[in-house]
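Structural characterization, general
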Amino acid sequence: MHLPVFIAFEVTDEDQGYPYAVAWSLNNGQYKSVLLKPEDAWLIDWDSGQNAAGAPPLQDLLDRGETVLDVIKEWAEDLNDGEVYSEDPALAEYCFNMMYDAYDKEVAAEIIPVNELFTDIDPMDLDDQRRWIMDTEGLMAVQAEDAVQTFIHLYAQVNGIEPEPEDDESQSDDDTSHPANDDEEL
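How each quantity is defined
Residues numbered from 1 in each chain as written. Predicted model: local features only at pLDDT ≥ 70, side-chain atom pairs only at ≥ 80, totals over all residues. Heavy atoms only, no water. Helix = DSSP H or I, 4+ residues; strand = E, 2+ residues; numbered from the N terminus. Expected span 1.5 Å × (residues − 1). Buried < 20%, exposed > 50% of the residue type's maximum accessible area, 1.4 Å probe, protein only. Pairing = 2+ DSSP bridges. pLDDT = per-residue confidence, 0-100. Contact = heavy atoms within 4.5 Å. Polar contact = N/O pair within 3.5 Å; in protein donor to acceptor, adjacent residues only side chain to side chain. Core = buried A, V, L, I, M, F, W, Y, C linked by side-chain atoms within 4.5 Å. Salt bridge = Lys/Arg side-chain N within 4 Å of Asp/Glu carboxyl O.

1. Some thoughts on helix α6 (residues 144-159)
Helical geometry note: an α-helix holds 3.6 residues per turn, so side chains three or four residues apart project in the same direction. The end-to-end C-alpha distance of α6, which contains 16 residues, comes to 23 Å, matching closely the 22 Å that a straight helix rising 1.5 Å per residue would cover. The buried count for α6 comes to 12 of 16 residues, which makes it a mostly enclosed element. A positive backbone phi angle near 60 degrees is found at Gly 160, which sits one or two residues after α6.

Okay, here's the thing in C-alpha cells:
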C-alpha cells in the first residue's frame, strides 16, 4: 500500500509566527508528530506575536522539542516522493521555507493542496466526511497530529483501502512514529 504524504503545522501566530509543532504521514499509513525547538534567530521576536491557544510554553519547546535540522534530515527520508499534501498549503510553504532557510537549504518537497486528491468528490461532501472522521475519532482540527490522522483516514475511506496487518519488524524505536490509530494500521 502506498498512501500520499500529508503534513500539518502548528504556529505561534497566524500572521508572523513560527512553527512549534509538525506532523506528517508516511506512505504506509503511519505518521510522525514532533514539537520543534525554535531556532535562535526565531527567539529574537518570539514574544512579538500573540501565541496560538494551546501552544506550549517556550521552555517546553526548548526542553522537549526536536531541532529543525533533525526534522529536515528526517524529511529527507520520509518525504522521498517529493510531494506532500496540506490542507493549508500557504502555511505549509511558509513553515517549510522558514525551516529550510534556517540552514540555507532548498525545500525538498512540492506542497500540494489536499483537495487535489479528492477531485471526484464534492467539496461540501468531502468537508462533511472530514468532520465526521474527526468527531468519531475524537480529533481536533487545530492540532497538526489530528489533522494528519484525519486525512489518512479520509484517504483510506474514499479509496477503499483496507488496513494492513501490523508488522512488528516495521515498528520504529522512534517515539515520534505512531500507528494511524490505536486499533489498526492503514
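2. Examining the pairing of strand β1 (residues 7-11)
Within β1, five of the five residues are buried, which leaves it mostly tucked inside the rest of the structure. Side chains of β1 alternate between two faces, with Ile 7, Phe 9 and Val 11 and Ala 8 and Glu 10 buried alike. The sheet contact formed by β1 and strand β2 (residues 19-25) spans five bridges and is antiparallel. Bridging across to β2, Ala 8 finds its partner in Ala 23.

3. Observations regarding the confidence of the model for the protein
With 81% of its residues at a pLDDT of 70 or more, the protein shows a mean pLDDT of 82. Low pLDDT, under 50, characterises residues 165-186; the predicted model gives this stretch 44 contacts beyond four residues in sequence or across chains.

4. Considering the side chain of Asp 78
Within the secondary structure, Asp 78 is located in helix α3 (residues 68-78). One polar contact links Asp 78 to Lys 32, side chain to side chain, over a distance of 2.8 Å.

5. Structural notes on unusual backbone geometry
Phi angles above zero are rare outside glycine, and Asp 104 is one such case at about 50 degrees. By secondary structure assignment, the location of Asp 104 is in the loop between α4 (89-101) and β5 (110-113).

6. Remarks on the nonpolar core
Grouped together as the largest cluster of nonpolar side chains are 26 residues, with contacts concentrated most on Phe 9, Val 22, Trp 24, Trp 75 and Phe 96. Contributions of two or more residues to this core are made by β1, β2, α3 and α4. Here this core takes seven residues from α4, the largest share from any one element. Contact partners of Trp 75, with chain neighbours within four places excluded, come to Ile 7, Phe 9, Val 22, Trp 24, Asn 80, Phe 96, Met 99 and Tyr 100. Counting residues in each nonpolar core, the second largest holds 18 residues, with Ala 8, Tyr 31, Ala 147 and Val 148 among its members.

7. Digging into α4
Between the first and last C-alpha of α4 there are 18 Å, a value that for 13 residues agrees with the 18 Å anticipated at 1.5 Å per step. Restricting attention to buried positions, one finds in α4 the residues Leu 91, Ala 92, Cys 95, Phe 96, Met 98, Met 99 and Tyr 100.

8. Overview of the pattern of salt bridges
Tallied over the entire structure, the rule returns five salt bridges. Among the ionic pairs, Lys 32 bridges to Asp 78, the shortest N-O distance being 2.8 Å. Residue Lys 32 is found in strand β3 (residues 31-35), and its partner Asp 78 is found in helix α3; the two are separated by 46 residues along the sequence. A salt bridge links Arg 131 to Asp 127, with the nearest nitrogen and oxygen atoms 2.0 Å apart. Here Arg 131 and its partner Asp 127 are both found in helix α5 (residues 123-137), four residues apart, which amounts to about one turn of the helix. Put simply, Glu 87, Asp 127, Arg 130 and Arg 131 are held in one network by salt bridges that share partners.

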